[in-house]
Amino acid sequence: MKRNCKLCNQKGNLENSHIIPSFIYKWLKESSGTGYLRFGQTPNKRVQDGLKEYWLCPTCEDLFQKWETEFAKHIFHPIVKNNKNQFNYGPWLLKFSVSLSWRVLLFIKEKTNLSNFPQKLKNEANLALKTWKKFLLDKEPNPKKYQQHMLPLNAIRSHSFDNLPSNMNRYLLRSVNIDVANNTKEAFVYIKLPRILLTGFIHIEKPRQWKNTIVHVKKGTLGADRYVLPKYMADYLKKQADKSKSLNKKISEKQRSKINETYKKNIDKFATSDTFAALQHDVELFGESKVFDLTKSS
Ligand SMILES: [Zn+2]
């Protein structure tokens, strides 16, 4: 069936495209110690792959893939291997970031109609989608005020926060989590990848509170020595980690024994996996009793 491509609007056979690029799921699977993935929203189902929609024509799909390949090669794989802290990038990083923010915002808009957004922010969200689309198609030189901010995430080894959730390192290092966050005045697209946080501004009143995180148009270096994020962003990250902790608690007894079986069968693989390393970081930061109390079950 021929339909209009969501990006270029040309009629064609649309491809089943990933919202979050497939190389990320591939890495999660390979580094999991079990070879399976489980999604936050439906923790009782093993899923082999991420969310997909028939959205893009082959030309636009190729365009996205070109930027994804650069991102995977120059940023994602070096980051997850822990062998670099700073990454030089070219124009592909902003294109990649905008393509992700566009996909996630469109996906959530189609699912929820952004019903909790005040009208003014709904208008901003539509303008962001339009501007991002034009930028992706080279009809706009930059994304204007709908900026992209990215930062690499490391394991936390010490902290001074109150009530940091005891899965915080596992959340930062391994989770994939997408959302659109808003209050009455501000909104942003939230994309949490393993070891990477990306936000796409829909409307932010004081963008200068975000220091050293903006993705530049032509080139730059990701991984500044010092970042500043507004407090609401740190609070939001904490809240999302908490949410993922409670979703994990919902895993049914039957599923839990299935997980334990898989781990037992793969015990050697698990001990050297990235999943295990992330768990270790939480144990070191919060102590065994706190971590295993809530993961008693996982
Ligand atoms: Zn297209």
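Before reading further, recall that the structure is shown in the block above.
S.K.: Give me the nonpolar core: which residues, what numbers.
M.R.: I20, F71, I75, L93, W102, L105 and I191 are the most contacted members of the largest nonpolar core, which has 58 residues in total. Ranked by the residues each element gives to this core, the list is headed by helix α3 (residues 92–112), at twelve residues. The residues touching I191, leaving out its near neighbours within four places in the chain, are I20, L100, S101, V104, N177, I178, I196, L197 and L198. Counting 23 residues, the second largest nonpolar core, distinct from the first, contains L153, I156, L164 and L279.

S.K.: Mind laying out the pattern of salt bridges, listing which residues take part and the relevant values?
M.R.: Counting across every chain of the model gives twelve salt bridges. K95 serves as the salt-bridge partner of D138, at 2.8 Å between the closest nitrogen and oxygen. On the criterion of sequence distance, the pair formed by D138 in the loop between α4 (119–136) and β8 (148–152) and K95 in helix α3 is long-range, its members being 43 residues apart. For D138, a relative accessible area of 64% gives the class exposed. Residue classification places K95 among the buried residues on the basis of a relative accessible area of 12%. Between R170 and D282 there is a salt bridge; the shortest N-O distance is 2.6 Å. Of the two residues, R170 is situated in helix α5 (residues 168–174) and D282 in helix α9 (residues 274–286); the sequence distance between them amounts to 112 residues. Look at D282 and you get buried, because its relative accessible area is 0%. Connected through shared salt-bridge partners, R174, R195 and D274 make up one network.

S.K.: Residues and numbers for the environment of L229, please.
M.R.: Topologically, L229 is positioned in the loop between β12 (220–222) and α6 (231–249). Overall, the relative accessible area of 26% leaves L229 in the partly exposed class. A sequence separation of 20 residues divides L229 from Q209, and the C-alpha atoms of the two residues are 6.5 Å apart. Leaving out residues up to four positions away in the same chain, L229 has contacts with L151, Q209, W210 and T213.

S.K.: Residue-level account of the packing of aromatic side chains, with values.
M.R.: In total, this model carries 13 aromatic pairs according to the counting rule given. When the ring of F23 is compared with that of F76, the centres are 5.4 Å apart and the planes differ by 65°; the resulting orientation is edge-to-face. With a gap of 53 residues between them, F23 in helix α1 (residues 22–30) and F76 in helix α2 (residues 58–80) connect regions that are remote in the sequence. By relative accessible area, which is 14% here, F23 ends up buried. Taking relative accessible area as the criterion, F76 reaches 0% and is therefore assigned buried. Ring plane angle 65° and centroid distance 6.0 Å describe the contact between W55 and W102, whose orientation is recorded as edge-to-face. In this pair, W55 sits in strand β6 (residues 52–56) while W102 sits in helix α3, placing the two residues 47 residues apart along the sequence. Both residues of the pair, W55 and W102, belong to the buried class. Chaining the aromatic ring pairs together yields one cluster made of F188, Y190, F201, W210, Y232 and Y236. The aromatic ring of F135 is capped on one face by K95, whose charged end is 4.0 Å from the ring centroid. In this arrangement the basic side chain of K192 is found over the ring face of Y171, its NZ or CZ atom lying 5.4 Å from the centre.

The rules behind the values
Residues numbered from 1 in each chain as written. Predicted model: local features only at pLDDT ≥ 70, side-chain atom pairs only at ≥ 80, totals over all residues. Heavy atoms only, no water. Core = buried A, V, L, I, M, F, W, Y, C linked by side-chain atoms within 4.5 Å. Buried < 20%, exposed > 50% of the residue type's maximum accessible area, 1.4 Å probe, protein only. Helix = DSSP H or I, 4+ residues; strand = E, 2+ residues; numbered from the N terminus. Contact = heavy atoms within 4.5 Å. Salt bridge = Lys/Arg side-chain N within 4 Å of Asp/Glu carboxyl O. Phe/Tyr/Trp six-rings, centres within 6.5 Å; stacked < 30°, edge-to-face > 60°. Lys NZ or Arg CZ within 6 Å of the ring centre and 35° of its normal.

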